[in-house]
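Examining the three-dimensional arrangement
Residue strings, one per chain:
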Amino acid sequence: MPGEVILEVKHLNKHFKVNSGFLGLQREWLKAVNDVSFSLRAGETLGIVGESGCGKSTLGNCIIRLLRPTSGEVRFQGMDICAMTDARLREHRKEIQMIFQDPFSSLNPRKRVFDIIAEPFRVHGTARGKALEEEVLGLMGEVGLDRSYAHRYPHEFSGGQRQRIGIARALALRPKLVICDEPVSALDVSIQAQILNLLKELQAKHHLTYIFIAHGLPSVRQISDHIAVMYLGEIVEMAPKNELFARTMHPYTVGLFEAIPVPDPGKRKEKQLLQGDIPNALHPPTGCCFHTRCPHADEVCVREKPRLTDMGGGHFLACHHPRRGSYGQAGEDQAGAGQAGEVVPGVGGGDVHGADVGALGTGGDAHGADMGTPGTGGDVYGADVGAPDAEGAG
Amino acid sequence: MQKKPGGRILRLLLQSYTGCVGLFIVTAMVVFAVFAKQIAPFEPNAMNPLEMLKPPAFCEGGSMKHLLGTDNLGHDIFSRIVYGTRVSIIIGVCSVLIAGFIGTAFGLVAGYFGGFADAVIMRVTDAFHAIPRTLLALVAVSVMSSGVTTLIIVIGVTGWITYARVVRSEVLALKNREFVKAAITVGTPDWRIILDHILPNVLSSVIVVSTLAVATSIIAESSLSFLGLGIQPPSISWGGMLSTGRSYIATNWWVATMPGIALTVTVLGIMFLGNWLRDVMDPHHTGSGS
Amino acid sequence: MDKLLQVEHLNTYFPIHDGRLHAVCDVSFHVNKGELLAIVGESGCGKSVTALSVIGLLPHRCKVESEGIFFEGSDIGGYSHSQMRRMRGKEISMIFQEPLTSLNPLFTIGFQLMETIRLHDDSGREKNREKALEILRKVEIARPEAILRSFPNELSGGMRQRVMIAIALVNHPKLIIADEPTTALDVTIQAQILALMKHLMAEYRTSIMFITHDLGVVAEVADRVLVMYAGQVVEEATVEELFREPMHPYTQGLMNSTIRIDQEEGMLPTIDGVVPTLAEMPDGCRFHPRCPHAKALCRSESPDVRSLGARRRVRCHMCGGVAALPAPG
């Protein structure tokens, strides 16, 4: 089923200028997306997972060029979107569309449903009059909206129905690539599944390619063929879905899995949680960006940035000490088991984020007993707090 | 489920006492202006030396013939107030149209495009803010003739800065809403995004600002006329009437007070109506609950 | 077990221009000492309004009626404003979803924390400060002195929620009402906060009323669960029972449609339709338009809450006998 490569992202960077310090005189750069590369085949779905501030939405906005990347290439069907003029881009936009997170802000409150879905046709002049009406009503049927709703205003609908309207609008131009920016995270539990099912149906029917951005792994797993995990603007692990689930290598991905609440009180267990806070993206840690929270970090991690390398089977990883445990099973831990216990107490007082990282463990039963010193949460939280950081953020 | 929009507006009107009062006053004002000839019992400029400075009907010595009394030349004050609404309405509405158009356009451009256009437009508004309206009126009157047109231009040209500021800040917020991003990704051209998506969403603020602006324009006209820079006799304006009444305030208070009351009531009525309109313009607002 | 809080037939109404909306409809429940009761439901099901009704934080124009809200035996439903104010923060405290809006941005964390201490148990500036530092250490904040001096906007979301927990706990309340305390947080931070709350709950022997929409979170932390739908309690059970054998069709649907990480791919089971709005409640059972088992009876008559065993209640016509419904697939 997978076709030819439809999207190629090469060394994409997006940096924002931030004024800070006294009177905002100090200029700093926030690296929201940092050297991200991947490619995607037609008909496939790439899931991008990460917590807030990891740059996943910025990445999506760069691909559709709502934001202009600082550097790098976004090649869609062989053409570089970043280098396009606005006029060329407008033609091209038909092929890439977006579904937004917040169904309450993504629909113009003063337009009726019909006009919202009709806008793409009107802008591109592809249908009018009777034909337009048929197209719009057809789309409404396709996303599961009653035709009689066409002349209502968005505020008369629930979140799930609004999201359906947004999906209909995104599909109006028959795009090839659809960027779904957290399309279900603002919805109620029972509605999330409805929308995911709808997205799957539409993908099969129209042979769509998706980039599915989300902060939770469960929904990403349901829809993705490949999954990329982002942390502080970088892809730290990327693999075909089944590969990622079978061989979770990056400690952060392991932590993400562990943190998911399991709806089964029988499986309640002492969890080995990731400690500490997500560092301030304005002052990312040295070396590996995850080392402040990583249970396996050592001097190398503090000093050297790991490169995203192919571990075989399309599994890309940026980590000095790859793990070889599968999620949910006792891992046959080989690689970093021994040295992982020796954790460096920190980078030194000067660095805010490295400050108080003590010895702490994930590992535990699920991933092979590999830790020397189990975590004492008390020491850990200093990492991200305190006066120096506070000044930076203000 | 689906209610007729007319029904909703009526329901909203009945819910709001101030809205009713505002609508009543503004309607009355329009009726006065249109049917001034039929309503006014006297020619506004008809002098009657026999009945100078007659007090209003409800005071001692007044008569029903001159409801609100007469001024120093024996003009019937009620008739003059009725005719004065014409000037007030014309100046209020026209100057606000000019100001609103210029201000909204500048605000949209500044807010939407940002950058250089924004910087230039905002500095121009600052500059305009610094020029006193009276000074500009003095210059305009000396260059052009004094009259309704001049007044409209002076008030309109000085009034747009409020619009530009308000509209710009609204646009800045709207620009980041996802529906605007959605329009961009669909390929909608900028001008169409501005007119289709942004303008309708700032319109309710523009209307609220406008009602305030009509009120201030009417006051501005009156004060300029009061200073002798505005409407010249024999044309009638409330400001001019106030100006004549000033000398008699100690002995014949009604000459200045009556047009003053007319001015106050009108301005209040317009503001009440404006507040109510703001609620009506909001599609979410259906009273309380829906 | 001792009942700490007992709510009897709570009804809450919101006034609208032509009548009133029945937001919480005949809700009864209790919280035992040392227990974590989860109230779970989707947006608009009345779970937050229930909590706010109990603690008396609804706007004045809302009408709260009940046959008693008993806290340690005394009916706080009839308490005056000042009586309630003395209760809040001392006996019952609250943690909200968005800590940034519940902390005042203009004051330091230290000031706000010590203000809470001073209001209920003032023992001098130095003592108060010591207490504040101690509670911050309890919520596992590493450098409490620095935190005392910082402002809310200087902290991360997870850190702010820790501070909120500290403020809620500092006067050793008997009951904490937590309204979606982890919904705004990232997954890894949510896991930390949940673990912390469980841990502190045991240490301080506090009861928690935990409001959430996430069944995963419920399974992680709860002892007992109240499932709400459209302003009513539809099911009540211990957490083990509920997850082993959900009885109400809504609970079943909610469990099936919760996306699990270990779930096979393919079409996800869903609950059809949408949650009804307060203004347009269906007749009969409120769930019947979405219920796969609805019969004529369900359309015409509203079911009562039925007790099935000592700790289990269900509001469903079809759940008289346990085997009346097919088990969730």
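Residues numbered from 1 in each chain as written. Chains lettered and ligands numbered in written order. Predicted model: local features only at pLDDT ≥ 70, side-chain atom pairs only at ≥ 80, totals over all residues.

1. So, the overall build of chain C
Inclusion rule: Here a strand is any run of E in DSSP of at least two residues, a helix any run of H or I of at least four, and the numbering for each starts at the N terminus. Here the globule rule reads 2.2 Å times residues to the power 0.38, and the radius of gyration is calculated from C-alpha atoms. Whether a residue is buried, exposed or partly exposed is read from the other C-beta atoms within 10 Å of its own C-beta, which are placed from the backbone; 20 or more gives buried, 12 or fewer gives exposed, and intermediate counts give partly exposed. Note on contacts: residues are paired as contacts if their backbone-placed C-beta atoms lie within 7 Å.
Of the regular secondary structure elements, chain C holds 12 helices and 13 strands. Taking 20 Å as the expected radius of gyration for a compact globule of 329 residues, we find that chain C reaches 21 Å, a close match to that expectation. Counting only C-alpha atoms, chain C reaches 70 × 50 × 40 Å along its principal axes. With 329 residues in all, chain C has 49% of them scored as buried. The contacts of chain C with a sequence gap of at least 6 include a subset with a gap of at least 24, amounting to 65%.

2. Focus: the overall build of chain A
Tallying secondary structure elements over chain A gives 12 helices and 12 strands in all. The buried share among the 394 residues of chain A stands at 54%.

3. Thoughts on the sheet that holds strand β4 (residues 71-76) of chain A
The strands making up a sheet associate through hydrogen bonds between their backbones, and the pairing can be parallel or antiparallel. Residues and elements named next belong to chain A. Where we set the bar: We treat two strands as partners when DSSP finds at least two bridges between them. Every angle, taken between N-to-C directions, lies between 0 and 180 degrees, and every axis is a line fitted to C-alpha atoms, over only the stretch in contact when it is a helix.
Spatially, β2-β1-β4-β5 is the arrangement adopted by the 4 strands of the open sheet, whose pairing is antiparallel. Looking along the sheet, the strands with just one partner apiece sit at the ends: β2 (26-41) and β5 (79-80). Inspection of the sheet shows β4 paired to β5 by 2 bridges, in the antiparallel sense. Bridging from a neighbouring strand, Arg75 pairs with Asp80 of β5. Where helix α1 (residues 56-63) meets the sheet, it contacts β1 (5-20), β2 and β4, and its direction lies at approximately 70° from that of β2.

4. Let's talk about the interface of chain B and chain A
Filter applied, for reference: Under the scheme applied here, ten amino acids are nonpolar (Ala, Val, Leu, Ile, Met, Phe, Trp, Tyr, Cys and Pro), four are charged (Asp, Glu, Lys and Arg), and all others, including Gly, are polar.
With 17 residues of chain B at the contact, the number on the chain A side is 23 residues. Among the elements of the structure, α8 (178-186) and α9 (190-226) of chain B are those that each provide at least two residues to the side of chain B that touches chain A. Element by element, the count of residues in the side of chain B that touches chain A is highest for α8 of chain B, at 8 residues. Here the residues of the side of chain B that touches chain A sort into 7 nonpolar, 6 polar and 4 charged.

5. Details of the interface of chain C and chain A
Listed as interface residues are 48 residues of chain C and, on the opposing side, 50 residues of chain A. Among the elements of the structure, α6 (144-149), α7 (157-169), α8 (187-204), α9 (215-221), α10 (239-244) and α11 (249-257) of chain C are those that each provide at least two residues to the side of chain C that touches chain A. Counting residues per element, the side of chain C that touches chain A draws most heavily on α8 of chain C, which supplies 6 residues. In terms of residue class, the side of chain C that touches chain A is built from 24 nonpolar, 13 polar and 11 charged.

6. Focus on the nonpolar core
To keep it simple, the criterion reads: Note on terminology: a nonpolar core is a set of buried residues of type Ala, Val, Leu, Ile, Met, Phe, Trp, Tyr or Cys, with members joined through C-beta atoms within 7 Å.
Within the largest apolar cluster, 253 residues are counted, with the highest numbers of intra-cluster contacts made by Ile117 and Val229 of chain A together with Ala38, Ala166, Met209, Phe210 and Val225 of chain C. A total of 13 residues in this core trace back to one element, the largest contributor, which is helix α4 (residues 77-113) of chain B. With sequence-adjacent residues up to four places away left out, Ala38 of chain C is seen in contact with Phe210, Thr212, Val218, Val221, Ala222 and Val225 of chain C.

7. Quick notes on the sheet that holds strand β7 (residues 177-181) of chain A
Residues and elements named next belong to chain A. Reading across from one edge, β6-β7-β8-β3-β9-β10-β12-β11 is the order of the 8 strands in this open sheet, with mixed pairing throughout. In this open sheet, the two edge strands, each paired with only one partner strand, are β6 (96-99) and β11 (309-310). Pairing between strand β3 (residues 45-49) and strand β9 (residues 226-231): 4 bridges, direction parallel. What sits directly across from Gly47, in β9, is Ile227.

8. Re the pairing of strand β8 (residues 209-214) of chain A
All names here are of chain A. The line we're drawing: Convention used here: a crossover is right-handed provided that the path from the first strand, over the helix, to the second strand proceeds clockwise when the strands point away from the viewer.
The element β8 is extensively covered by neighbouring structure, given that 6 of its 6 residues are classed as buried. Side chains of β8 alternate between two faces, with Thr209, Ile211 and Ile213 and Tyr210, Phe212 and Ala214 buried alike. Relative to β8, β3 runs parallel, the two sharing 5 bridges. Looking across to β8, one finds that Leu46 is bridged to Ile211. Of the pairings in the sheet, the one linking β7 to β8 comprises 5 bridges and is parallel in character. Bridging from a neighbouring strand, Cys180 pairs with Phe212 of β8. Each parallel crossover has a hand, and the one from β7 via helix α6 (residues 189-206) to β8 is right-handed.

9. Describing the environment of Pro99 of chain C
All names here are of chain C. Along the polypeptide, Pro99 turns up in helix α3 (residues 99-102). Residues Pro99 and Lys33, 66 residues apart in the sequence, show an inter-C-alpha distance of 26 Å. Beyond its immediate sequence surroundings of up to four residues, Pro99 is in contact with Arg160, Gln161, Val163 and Met164.

10. What about helix α5 (residues 125-138) of chain C?
Residue and element names in this part refer to chain C. To keep things clear, this is the line we draw: Multiplying one less than the number of residues by 1.5 Å gives the expected span of a helix. The directions considered for the arc run from the helix axis to the C-beta atoms.
The terminal C-alpha atoms of α5, which comprises 14 residues, lie 20 Å apart, in line with the 20 Å expected from a rise of 1.5 Å per residue. Those residues of α5 that sit buried are Asn128, Ala132, Ile135, Leu136 and Lys138. Taken down its axis, α5 places every buried residue within 155° of arc, on the same side. The exposed set on the far side of α5, more than 90 degrees from its buried face, consists of Glu126, Lys127 and Glu134. Contacts made by the buried residues of α5 are with α4 (109-121), α6, α7 and α8. Positive backbone phi, at 65°, marks Glu140, one or two positions downstream of α5.

11. Observations regarding the confidence of the model for chain C
Low-pLDDT portions of the prediction should not be read for the details of their coordinates. Residue and element names in this part refer to chain C. To keep it simple, the criterion reads: Each residue carries a pLDDT score, the predictor's own confidence in it, on a scale running from 0 to 100.
For chain C, the mean per-residue pLDDT works out to 87, and 96% of the residues sit at or above 70. Ranking the elements of chain C by mean pLDDT puts α3 last, at 75, and strand β3 (residues 36-40) first, at 95. Contacts for the low-pLDDT stretch residues 321-329, under 50 throughout, to residues beyond four places or in other chains number 11 contacts. Interface confidence in the predicted complex, given as ipTM, is 0.84; pTM for the same model is 0.81.

12. Overview of the packing of helix α5 (residues 115-130) of chain B against helix α7 (residues 148-175) of chain B
Residues and elements named next belong to chain B. Worth spelling out the cut-off: When describing relative orientation, an angle under 35 degrees is termed roughly parallel and one over 145 degrees roughly antiparallel, while 65 to 115 degrees is termed roughly perpendicular and anything else oblique. Left-handed describes a crossing whose near helix is turned anticlockwise from the far helix through less than a right angle; right-handed describes the clockwise counterpart.
Across the interface, α5 lies against α7 with an axial gap of 9 Å and an inter-helix angle of 140°. The orientation of α5 with respect to α7, classified from their angle, is oblique. Crossing geometry of α5 relative to α7 is assigned as left-handed. Of the residues in α7, those in contact with Ile121, Thr125, Phe128 and His129 of α5 are Thr158, Ile161, Ala164 and Arg165.

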